[in-house]
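What follows is the residue order along each chain.
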Amino acid sequence: MTNSAFIEVEDLHFSRGGRAIFRGVNLTIPRGRITAIMGPSGTGKTTLLKLIGGQLTPDKGRVLIDGQDVHRLSRKALFALRRRMGMLFQSGALFSDLDVFENVAFPLRVHTDLPDAMIRDIVLLKLQAVGLRGAHALTSAELSGGMARRVALARAVVLDPELILYDEPFVGQDPIAMGVLVQLIKRLSEAMALTSVVVSHDIKETMSIADYLYLIADGEIVAHGTPASLDTHEDPRVSQFMHGEPDGPVPFHYPAPPFYRDILGADPTTTTRTG
Amino acid sequence: MQRSKTVEFGVGLFILAGILGLVFLGLRVSGLTLGAPSETFQLEANFANIGTLKPRARVTMAGVTVGRVESIDLDTQWFDARVKMRLDSELEGQLSRDTTAAILTAGLLGEQYVGLSVGGDPEALEDGDTIRDTQSALVLEELIQQFVSSMVKD
Amino acid sequence: MFLRLFSRLVASIVRLGRRGCSVIEALGRASIFVARSVVGVPSGEGLRLWLRQMHFVGVLSLAIVLVSGLFIGMVLALQGYTILIDFGAEQALGQMVSLSLLRELAPVVAALLFAGRAGSALTAEIGLMKATEQLTSMEMIGVDPLRRVVAPRLWAGFVSLPLLTIGFSVVGIWGGYLVGVQWLGVSEGSYWSNMQSSVAFFADVGNGMIKSLVFALVVTWIAVFQGYDLIPTSEGISRATTRTVVYSSLAVLGLDFVLTAVMFGGL
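Residues numbered from 1 in each chain as written. Chains lettered and ligands numbered in written order. Predicted model: local features only at pLDDT ≥ 70, side-chain atom pairs only at ≥ 80, totals over all residues.

Visitor: What is the right way to look at helix 1 (residues 45-52) of chain A in this model?
Guide: In an α-helix, one full turn covers 3.6 residues, which means residues spaced three or four apart are oriented alike. Residues and elements named next belong to chain A. Across the 8 residues that make up helix 1, a large majority, 6, are buried. For helix 1, the complete set of buried residues consists of Lys-45, Leu-48, Leu-49, Lys-50, Leu-51 and Ile-52. Those residues of helix 1 that are buried lie in contact with strand 1 (5-16), strand 3 (34-38), strand 4 (60-65), strand 7 (163-167), strand 8 (195-200) and strand 9 (212-217). Positive backbone phi, approximately 80°, marks Gly-54, located one or two places after helix 1. (Buried ≥ 20, exposed ≤ 12 C-beta atoms within 10 Å, placed from the backbone. Helix = DSSP H or I, 4+ residues; strand = E, 2+ residues; numbered from the N terminus. Contact = placed C-beta atoms within 7 Å.)

Visitor: Before we go on, may I ask you to explain the nonpolar core in this structure?
Guide: Nonpolar side chains tend to gather and get buried jointly when the protein is soluble and globular. Ranked by size, the top nonpolar core spans 149 residues in total, and within it A:Val151 and C:Val219 carry the most contacts. Those residues within four positions of C:Val219 in sequence are excluded, and the remaining contacts are C:Ala111, C:Phe114, C:Ala115, C:Gly119, C:Gly157, C:Leu161, C:Ser248 and C:Val252. Membership of the second largest hydrophobic core comes to 22 residues, among which are B:Ala45, B:Ala57, B:Leu87 and B:Leu95. (Core = buried A, V, L, I, M, F, W, Y, C linked by C-beta atoms within 7 Å.)

Visitor: Is there a simple way to think about the sheet that holds strand 4 (residues 80-88) of chain B in this case?
Guide: By way of backbone hydrogen bonds, the strands of a sheet pair with one another, either parallel or antiparallel. Residues and elements named next belong to chain B. Taken in spatial order, the 8 strands line up as 7-1-4-3-2-6-5-8 in an open sheet, and their pairing is mixed. Of all the strands in the sheet, just strand 7 (130-131) and strand 8 (133-135) have a single pairing partner and so form its edges. With 3 bridges connecting them, strand 2 (residues 58-61) and strand 6 (residues 112-117) associate as parallel partners. Bridging from a neighbouring strand, Met-61 pairs with Leu-116 of strand 6. (Pairing = 2+ DSSP bridges.)

Visitor: What is the right way to read the sheet that holds strand 8 of chain A from this model?
Guide: Residue and element names in this part refer to chain A. In space, the 6 strands of this open sheet follow the order 6-7-8-3-9-10, with mixed pairing throughout. Every interior strand has two partners, whereas the edge strands, strand 6 (85-88) and strand 10 (220-225), have only one. When the angles between neighbouring strand axes are averaged without regard to direction, this sheet yields 15°. Direction of pairing for strand 9 relative to strand 10: antiparallel, over a ladder of 5 bridges. Among the inter-strand pairings, Tyr-214 is bridged to a residue of strand 10, identified as His-224. (Axes fitted to C-alpha atoms, helices over the stretch in contact; angles between N-to-C directions.)

Visitor: What am I meant to see in the interface of chain A and chain C here?
Guide: How big an interface is tends to be stated in terms of the accessible area lost upon association of its parts. At the interface, 17 residues of chain A touch 10 residues of chain C. In terms of residue count, the dominant contributor to the side of chain A that touches chain C is helix 3 (residues 100-111) of chain A (4 residues). Classifying every residue of the side of chain A that touches chain C by side-chain character gives 9 nonpolar, 6 polar and 2 charged. (Nonpolar A, V, L, I, M, F, W, Y, C, P; charged D, E, K, R; others polar.)

Visitor: Would you explain the interface of chain B and chain C in this entry?
Guide: Every contact between the two is made by 26 residues of chain B and, on the other side, 29 residues of chain C. Sorting elements by how many residues they give to the side of chain B that touches chain C places helix 1 (residues 2-29) of chain B first, with 14 residues. Broken down by class, the residue content of the side of chain B that touches chain C amounts to 14 nonpolar, 8 polar and 4 charged.

Visitor: Which parts of the structure should I look at to understand the environment of B:Ser150?
Guide: Residues and elements named next belong to chain B. By secondary structure assignment, the location of Ser-150 is in helix 2 (residues 140-153). Residue class for Ser-150 comes out exposed when judged on the 9 C-beta atoms lying within 10 Å of it. Each C-alpha atom of the pair Ser-150 and Pro-55 lies 35 Å from the other, and the pair is 95 residues apart in sequence.

Visitor: What should I look at first to understand the pairing of strand 7 of chain A in this one?
Guide: Where a strand is regular, its side chains alternate between the two sheet faces. Residue and element names in this part refer to chain A. Burial runs high along strand 7: 5 of the 5 residues are buried. Neither face of strand 7 is left uncovered, since the one carrying Leu-163, Leu-165 and Asp-167 and the one carrying Ile-164 and Tyr-166 both have all their residues buried. Strand direction decides the pairing type here: strand 6 and strand 7, joined by 4 bridges, are parallel. Note that in strand 7 the partner of Gly-86 across the bridge is Ile-164. The sheet contact formed by strand 7 and strand 8 spans 5 bridges and is parallel. Across the sheet, the residue bridging to Leu-165 is Val-197, located in strand 8. Running through helix 6 (residues 175-191), the crossover from strand 7 to the neighbouring parallel element strand 8 is right-handed. (Right-handed = clockwise from strand over helix to strand, strands pointing away.)

Visitor: Can you walk me through unusual backbone geometry in this structure?
Guide: Most peptide bonds are trans, and most residues other than glycine sit at a negative phi. Of note, the phi angle at A:Glu168 is positive, near 45°, even though the residue is not glycine. Take A:Glu168: there are 21 C-beta atoms within 10 Å of it, and that puts it in the buried class.

Visitor: Would you explain the environment of A:Pro40 in this entry?
Guide: All names here are of chain A. Along the polypeptide, Pro-40 turns up in the loop between strand 3 and helix 1. For the pair Pro-40 and Gly-134, spaced 94 residues apart in the sequence, the C-alpha separation amounts to 37 Å. Sequence-distant contacts of Pro-40, defined by excluding residues within four places in its chain, comprise His-201, Ala-217, Phe-241 and Val-250.

Visitor: What is the right way to look at the confidence of the model for chain B in this model?
Guide: Interpretation of the predicted coordinates at a detailed level should be avoided for regions scoring low in pLDDT. Of all residues in chain B, 91% have pLDDT values of 70 or greater, and the mean over the chain is 82. Two numbers describe this predicted complex: its pTM, 0.78, and its ipTM, 0.76. (pLDDT = per-residue confidence, 0-100.)

Visitor: How should I be thinking about the arrangement of the chains in this particular structure?
Guide: Pairwise contact counts over the 2 pairs of chains in contact peak for chains B and C. The two units chain A and chain B never meet; even their closest C-alpha atoms stay 12 Å apart.

Here it is as structure tokens:
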């Protein structure tokens, strides 16, 4: 049961503004595990999460969550499905007109008819889990980036979802906050038997918690496997990314005409036109 | 909680002020009266020319506003203007039958209104009666024409 | 030579067509957007959100609208007096002040001020919510941001602007009274009675209100849609805010001509 697929992405094609972002992505995300999707910036990792969450519609292919085709659901059924998902956004995305407590209580107030006292207990419990029970009366403007992300995490799990999507959870965090987040993601997913999808390019942190990794580049899955198997992968694109080498299949130089032509040729505009 | 109360209070005041403003525009600016229609009675008068008299113009007696013009239409029998007026009900049965109605002008170019003056007939006008003795509006062009033609005669 | 000219012509026609298509597409998106937002008058929780927006959109715009109304009424009386006195018709001052305010100036100027004060703030606020992924996250929680964020703001704008317009007229007429009667010495009786005999409640006050309702709908719609549809960067927000003010001002002035032609122009 724990090994059955919770999310299946089949032959996903997506393009935006005439640029192909995905050209046939296939991946399966097992139930109850932490799966990481990694890749260089600009490869559309966040776009992939939005496709899974049903906010974008693919050009071709489909996304199955627990057997349901996300993009064929009615608006109502999609919203019902989303109640079973939590998503942690890059910026935290706390509602700026609500304080910390109300932010975490928001999904409860919207989706349940629980009495106020019970909402209070649940919210404080979740805030305790992320270590911010003492901050419940602060406004979202008073939080540091790491704290905002932890509050957002509490909000994402307040309805006890089955799936949680993390969009770049480690970006721009100081080492302490990063360590706290790594621990939290790991603990939450184990304690609640959550299926977690982590999109990230922070290799070390992601490797330490992920059960399985997918590596995306150029609109395709270039490699997948356990953290250990990817570390020793032979594909140069994989090893360049995994070991952070500055030059390799992903070139250091932005495509340009040969250097000597730009240097010797008087007019750079003519060289680019011919090149 | 306290803050949301002040917000609600502010919005309540705002809406109340808007409604009061609308009442002000109705009563004070456009001169609507809250009085029921039963407190007025109607008189009619035919004028050969009403000039620029409009519905809702004032009807005065001795300069005091006592009513308003209700409607103006063309009497197709005599081809003159039929003016219906609503007057305060306290005047009902007080105006003599030979009351005269004249269309007057406030200032040289001001609005036109109806002026009533009472006669000496012992019988009084009742609701729906018609004032016989009327005096038309002064039309500037006609005045000038009369003046010019009298000059030519001299 | 001809061939090049021809291909240039074709290219510019293509550009024109593409622009036309994108304008129509944007209009379509805006229509769907407003239709999906305004399903049902807010109630319950929505009412609380609406009240909050009434505060931001309406109450906070009150000061600027009332002060402007006062000054415009005073200027109208001053200007009108100098013109009317030449014809010996200064008694008609009340009529002039009240009719210009009720029919024209109050709806239009209040709408322009509203676009600048509340419209731009709405665009920036919603744009910021979009840029910080609050709208997306709301959607992921399973709440329609159109219902929760957009609808209360649309309704608040729709209710606020007519109220502000009434305030503008009242204060303006009072300003005219201050200058005309208290300062320039027009008789108080003729100021009010002239006004009362010339202003018709439904034709003048009513049509002014209809104008104001139309402007309220258009200005709030533009503001909220620009916020919702912008490119979520700081540059995108600043450009959308500018667009809100420009588009709504143009829409208000253009629509004012059309509405005036229909209402008072005998069309």
